[in-house]
Protein chains: 2
Amino acid sequence: MTVLEQLAERFARIAKLDHAMTYLGWDQMVMMPPAGSVGRSEAIAELASLRHEVLTAPEVGDWLALAESSVSTPLDRARVQEMQREHREATALPADLVRARITVGSACEQGWRQQRPDNDWAGFVENFKPVVSIAREVADAYRAAEPDSYATRYDALMAQHCNGDKPETVNAVFAELAERLPPLLARVMEHQKGNPISMIAGPFAREQQVDLGRHLALRLGFDFDSGRLDTSLHPFSTGSRGDLRITTRYVDEDLFDSLQATAHEIGHASYEGGLPERWANEPVGASRSMSVHESQSLFFEKHLFLSRAFQVGFATAIHDSFPPLEGYDSQQLWRSQLGVGPSRIRVEADEVTYPLHVLLRYEIERDLMNAAIEASDVPEAWDASMQRLLGIDTRGDFTNGCLQDIHWTDGAFGYFPSYTLGAVNAAQLAASIDRDLPDWRANLGRGDCDVIPELRDWLGRHIWSRASTVDADTLMREATGASADPAHLLQHLERRYIDESV
Amino acid sequence: MTVLEQLAERFARIAKLDHAMTYLGWDQMVMMPPAGSVGRSEAIAELASLRHEVLTAPEVGDWLALAESSVSTPLDRARVQEMQREHREATALPADLVRARITVGSACEQGWRQQRPDNDWAGFVENFKPVVSIAREVADAYRAAEPDSYATRYDALMAQHCNGDKPETVNAVFAELAERLPPLLARVMEHQKGNPISMIAGPFAREQQVDLGRHLALRLGFDFDSGRLDTSLHPFSTGSRGDLRITTRYVDEDLFDSLQATAHEIGHASYEGGLPERWANEPVGASRSMSVHESQSLFFEKHLFLSRAFQVGFATAIHDSFPPLEGYDSQQLWRSQLGVGPSRIRVEADEVTYPLHVLLRYEIERDLMNAAIEASDVPEAWDASMQRLLGIDTRGDFTNGCLQDIHWTDGAFGYFPSYTLGAVNAAQLAASIDRDLPDWRANLGRGDCDVIPELRDWLGRHIWSRASTVDADTLMREATGASADPAHLLQHLERRYIDESV
C-alpha cells in the first residue's frame, strides 16, 4: 500500500463518520422528537471527537509529509493538498483554545436566545467580549500555521470559509460593492416608485404548495429516487450523491417564499449530487467552498427560477395548483416577486439590498478582528452603516439590529462574505452561460425541456465535477475567464430591477 | 479515575456509536431514498468496525480483568459482568471466522431473495451448506470461550439471543409445548367449528387507520414528545429513552393488523423507554434479552390490546373512526380477531399456532447445529413437522415452507426460540399481574383511565427498570416467583380461545 493509499483509507473512515453526522443532523432538524435532543447532541459530539482523533492521529502527519514529496501528478498533488488543509485546520488550534472557543461560544449563544428578544445588548456584550477575544486568538493561530498566507487576522478567518478565494479579491469585491451598489439601489427605488410592485395576496393552501414545490423540484432536475424534500423551520440542504436532503417551509400568505427556498436548496443539492463519485471519500472530492456553494444555490434561485423566462413556463403550473390566480399572467406573477426596499432584517432582504446587509457585517467583523473596533463599539458601527448603506435609523433596536444573527454568537467571523461572494459568482457564471448557451432564455421561455438539463450539464462540467481539484479563484477563472468580479452582479441587478428584462 | 470509570467511559463511546447506527438504521428503513442504499450500508459497516475496534482494544481486556477483582457491590459486579459479556462476544470469534460468516451469509441471503419466489431449494441448499458449517464453527468458538457453560452447540447459539435464559429451561419449555399444544389446538379448532369466527370486511381508509393508530398509541402510554410512529414495510421498533421510533403498516382489508402491530411495537418501545437513565451508556442498562423484549411486546399486543377488557373501551374509538362499524359491538369486534387455524406462514399465524411454527424451527435448527441432520435434510424434516404439528402437507412447497424466513440465510440459528419464550414470559407476567392487580380487567372494562398507567408501573418496576442487572431467569423468578413455565401460556390460550373469557 502506498502512503497515498493509506491516507485515502484514513480519509474514507472520516467520510463515513461525516456521513453519520450529516444524516443524524438532518434527522435532528426534521424528524427527531423534542425529548431526543440531549442524547442526539451527545452522540454527535462524540462522533466529532472520534473524527478529530482519527484525523489527527500522529501517523497522519507523517504520511502527509511523505506523500507531499512522493506524488507526481497534478491530481495527486491536489489530493494531498486538500488532505493537508483538513489536517492543518484540525491541528492548527491548541486543544485548550478549541475548548475555550466552544465554552464561550455556547454561553454567548445560549444567552443570545433570550437577549435578542429582550433587546438586551448590555447583557449580550458581556458574553460577546470573550467570543471576540478568543476569535482573535484563533485567527492568530491560523496565521501562525501558514505564516505567509494572510495579511490580517480577518483574512485568515475568511479563508476558513471562502476557501481558495484570495482575501484581496474578497476585499476588492466589497470595496466596489460599497461604492456602486447604494446608487444602484437608489435608482431601483426610484424606478419602482414609478412602477409599483405588489405581492399577490394569499392564503395559499399548504397541500397545494407542497405539490407545486414538488413539481418545481422535478422540473429543476431533482431526483426523488436520490433525495427527499421535507419541511423544517429554516430551509436547508444536506446529504450527498444518492441521498440529498433538502427542506423548505410554507408561508400561508406568500406563495413564492417556499418555491424560492426550494429552488435555492436544489442548487446546493445539485452541486453535492454532481461531485465526482470517484473522490466521494476524499477532501479533494468535496465541494470547493461556501462561496462556490452559495453561487450554485443563488444561480438556481435567482438566475433560473426567478428568471423571466422560467416564470413564463411555470405560470401554468401555478395556475393548475391555484386556479384563483389565473387572473395573473406570467409577467404579473414574475413581477410580484421583484419588490425592492431597505429593511432591517438580512434574511428577509431582497436581491438588491441583501449584499448591503452582508457588506455591513463584513466591515464590522473585519474591523473587530483587526482590532480597529472593540465588541462594545458594534451597535454604533452598526447604526452608522445602516444609515449610510440603507438609510435606516436603527438606534436602540438591537433585536432587529446587531443581535439579529446567530453567526457572531459562537465566533463564526469570516462566514458572512461567502453569501455575497456567492451572489457575485452566480451572476458571473450566468453571464458565461449567456455567452456559451446564447439561446437558453429564449428556449426556456418557449417551453423547451432540454434547457434545464443543458444548464445542469454546463454547471456540472465547469463547477460540480471539478470538486476541490483547484482553488475557488482558479475554478472561477477557468469557468468564466476571470476572478470574481462584481460587475456581473451589478449588471444583472440593473437588467432585472430597472430594465425588467431578465 | 478508577478502572471501572475508565471502562464506563469506553462503553459510553460505544453507546454513542450504537446511537448513530440505531438512527441511521431507522432512517434507512423509513426515510432514505433508494439510491442512498450503498452509501448508507458502507457507513454503517464502518461504524460497526470502529465499534469493534473501540470495544476490543487491548487495554479493555486488561481493565476488565482488573475490574473483576476490584468491584464489591452486586450492582458493580453486574456492570462488569455485562461489559465482559459484550467483550467476550466481540472477541470470541477469530477475525477470519467473522469475515467468513459475513461472506457466506450475504451470498446466501442474496440468492434467497430470488430462490424463495422461484421455489428453488436445490439452488438455495448450495449456499446454505456453508452457512450451516460456519455457524457450527461459530458455536464451537462460543463454547470454547466459556468451556463449562453449554452442553451443546445449539445451546451456545441460543445463549447469544436468549441471554440469561438457561438452555435447559428453554429446552424444557419446548418439550412441554410439543406435548401439550397440539391437543389444545385441536380442541380450539373443534370449539371454533361450532362457534365460527369471521373477520370484519374492509376496505378501511388509510387516513382513518392512521388516526386510530395514533389514538391507540396515546392510550397505551406512548409519548409523541419522546417518539415517532411511522410506516414501513415490516413493523419494527428502535431507539431509546427520549427518542423511541416505532413503525407499523396499514392493510386495506384488515383493520386490526396495523393496530395489533402498533400495540406490539409499543411494548418493545415501552421497555426501551423504561430502562434506567442512569445506566443508559452501559451494557448493564440495556434490555435483558430478546425473550424478555418479546414478552413486553406480546404483553402489550396479546394481553392488553387483545384483552376483552381493553376492547370494550376501544370499541368507541373504532366506531368514531369508522361509523359503518357501529353495527358491531365490542364483543363482536373483539371476537373477529380470534380466528385460529393451521397455516403455512409463521408471520401470519395466530396466537395458538404461532408457537408451533417456532417449535418446528427450534427442532430443526437444534438438530442442524448438533449435527443430527444436515442442510440437505431440512425439507424432509420441515414437512414431517408440519404434518405432525399442524396437519399440513407442505411437500414441494419451499416458497411457503422452509424458504419462508430470512433468519437462516445468514446463520442466525438460536434466534427463533426467543419469540415463543417471549410468549411464555408474557403470559406468566400477565398471570402475576392478575394476582397483584386483581381488578385491572374489570376496571379497564369500565373505562378506568388509571389502569394502563398502573400496568406500565408494574412492568416498569419488575422488568424495565431492572435492565440487565440480573439474568433473564432471575428477572422472571423475582417478578413472578418462578422460571419460565409454559403452563401460563397454555392456560391463557384455553381461557381466550375456548372459554372466550379474557
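Conventions we followed
Residues numbered from 1 in each chain as written. Chains lettered and ligands numbered in written order. Predicted model: local features only at pLDDT ≥ 70, side-chain atom pairs only at ≥ 80, totals over all residues. Heavy atoms only, no water. Helix = DSSP H or I, 4+ residues; strand = E, 2+ residues; numbered from the N terminus. Rg over C-alpha atoms; globule rule 2.2 N^0.38 Å. Contact = heavy atoms within 4.5 Å. Lys, Arg positive; Asp, Glu negative; His and termini not counted. Charge placed at Lys NZ, Arg CZ, Asp CG, Glu CD. Expected span 1.5 Å × (residues − 1). Salt bridge = Lys/Arg side-chain N within 4 Å of Asp/Glu carboxyl O. Buried < 20%, exposed > 50% of the residue type's maximum accessible area, 1.4 Å probe, protein only. Polar contact = N/O pair within 3.5 Å; in protein donor to acceptor, adjacent residues only side chain to side chain. Domains from an automatic or database assignment. Buried area = accessible area lost by both parts, 1.4 Å probe. Core = buried A, V, L, I, M, F, W, Y, C linked by side-chain atoms within 4.5 Å. Least-squares fit on C-alpha atoms with pLDDT ≥ 70 in both. Pairing = 2+ DSSP bridges. Axes fitted to C-alpha atoms, helices over the stretch in contact; angles between N-to-C directions. Phe/Tyr/Trp six-rings, centres within 6.5 Å; stacked < 30°, edge-to-face > 60°.

Engineer: Please give an account of the overall build of chain A that cites residues and values.
Structural biologist: Secondary structure assignment for chain A yields 20 helices and 3 strands. Radius of gyration (C-alpha) of chain A: 23 Å, near the 23 Å computed for a compact globule of 502 residues. Considered along the principal axes of its C-alpha atoms, chain A spans approximately 70 × 55 × 50 Å. Put simply, 73% of the contacts in chain A that link residues at least 6 apart link residues at least 24 apart. In chain A, 48 positive and 76 negative side-chain charges are present, and the distance between their average locations comes to 2 Å.

Engineer: Please set out helix 5 (residues 95-115) of chain B residue by residue, giving values where relevant.
Structural biologist: Across its 21 residues, helix 5 of chain B extends 30 Å between first and last C-alpha, which sits within 8% of the 30 Å expected from 1.5 Å per residue. Those residues of helix 5 of chain B that are buried lie in contact with helix 6 (121-145) of chain B.

Engineer: Could you give me a rundown of the pattern of salt bridges, with the residues and numbers involved?
Structural biologist: What the rule picks out here adds up to 78 salt bridges over all chains. Among the salt bridges present, the one from Arg245(B) reaches Asp27(A), with a minimum N-O distance of 2.7 Å. Of the two residues, Arg245(B) sits in strand 3 (residues 243-248) while Asp27(A) sits in helix 1 (residues 3-30), which places them in two different chains. Asp27(A) sits in the buried class, given a relative accessible area of 2%. With a closest N to O distance of 3.6 Å, Asp243(B) and Arg40(A) form a salt bridge. Here Asp243(B) is found in strand 3, whereas its partner Arg40(A) is found in helix 2 (residues 37-56) on a different chain. Each of the two residues, Asp243(B) as well as Arg40(A), counts as buried. Residues participating in the shared-partner salt-bridge network are Asp27(A), Arg40(A), Asp243(B) and Arg245(B).

Engineer: So, the side chain of Arg456(A): which residues are in play, and what are the values?
Structural biologist: All names here are of chain A. Along the chain, the position of Arg456 falls in helix 18 (residues 451-462). This buried residue, Arg456, is left without a salt bridge; Asp223 holds the nearest opposite charge, at 8.8 Å. Within the structure, Arg456 has its side chain in polar contact with the side chain of Ser270 (distance 2.9 Å). For Arg456, the residues in contact, after removing those within four places along its chain, are Leu220, Gly221, Ser270, Phe300 and Trp464.

Engineer: Report on the domain arrangement of chain A, specifying residues and quantitative values.
Structural biologist: All names here are of chain A. Taken as a whole, chain A is organised into domain 1 (3-152) and domain 2 (153-502). Computed over C-alpha atoms only, the centres of domain 1 and domain 2 are separated by 26 Å. Taken residue by residue, the interface counts 46 residues in domain 1 and 54 residues in domain 2. Here domain 1 and domain 2 share an interface that buries about 4,200 Å² over both sides, 62% of which is from carbon and sulfur atoms. Looking at the side of domain 1 facing domain 2, the largest losses of area belong to Trp26, Trp121 and Arg136, adding up to 18% of the total buried there. Our count for the contact surface shared by domain 1 and domain 2 stands at 4 salt bridges. Sorting the residues of the side of domain 1 that touches domain 2 by element identifies helix 1, helix 4 (74-91), helix 5 (95-118) and helix 6 (121-145) as the ones contributing at least two each.

Engineer: How would you explain the nonpolar core if you had to name every residue and give the values?
Structural biologist: Counting residues in each nonpolar core, the largest one holds 126 residues, and the members touching the most others are Phe128(B), Leu220(B), Leu255(B), Leu304(B), Phe310(B), Phe314(B) and Phe413(B). Examining the composition of this core, we find that 12 residues originate from one element, helix 6 of chain B, more than from any other. If sequence neighbours within four positions are ignored, Phe128(B) has contacts with Cys108(B), Trp121(B), Leu368(B), Ala375(B), Val378(B), Trp408(B) and Phe413(B). Core analysis: the second largest hydrophobic core is formed by 124 residues, Cys108(A), Ala317(A), Leu368(A) and Leu429(A) among them.

Engineer: With reference to specific residues and values, describe the relation of the copies chain B and chain A.
Structural biologist: Each of the two copies of the chain can be brought onto the other by a rotation about an axis and a shift along it. Screw-axis analysis of chain B against chain A gives a translation of 0.1 Å along the axis, an RMSD of 0.1 Å, and a rotation angle of 180 degrees. The two molecules are tied by a two-fold rotation axis, judged by turn and shift. Most of the interface of chain B is mirrored in chain A: 100% of its interface residues are interface residues there too.

Engineer: Residues and numbers for the sheet that holds strand 3 of chain B, please.
Structural biologist: Residue and element names in this part refer to chain B. Pairing is mixed across the open sheet formed by 3 strands, whose spatial order is 1-3-2. At either end of the open sheet lies a strand with only one pairing partner, and these are strand 1 (227-231) and strand 2 (237-240). For this sheet, the mean angle separating the axes of adjacent strands, direction not counted, is 15 degrees. Bridge count between strand 1 and strand 3: 5 bridges; the pairing is parallel.

Engineer: Tell me what's going on with the packing of aromatic side chains, and back it up with residues and numbers.
Structural biologist: Counted according to the given criterion, the structure contains 40 aromatic pairs over all chains. Taken together, a centroid distance of 5.6 Å and an interplanar angle of 40 degrees make the contact between Trp121(B) and Phe124(B) tilted. Of this pair, Trp121(B) and Phe124(B) both sit in helix 6, 3 residues apart, which is roughly one turn of the helix. Judged by its relative accessible area of 11%, Trp121(B) is buried. Exposure remark for Phe124(B): the relative accessible area of 3% places this residue in the buried category. Linked through ring pairs, Trp121(A), Phe124(A), Phe128(A), Tyr354(A), Trp382(A), Phe398(A), Trp408(A), Phe413(A), Tyr415(A), Phe416(A) and Tyr419(A) together constitute an aromatic cluster.

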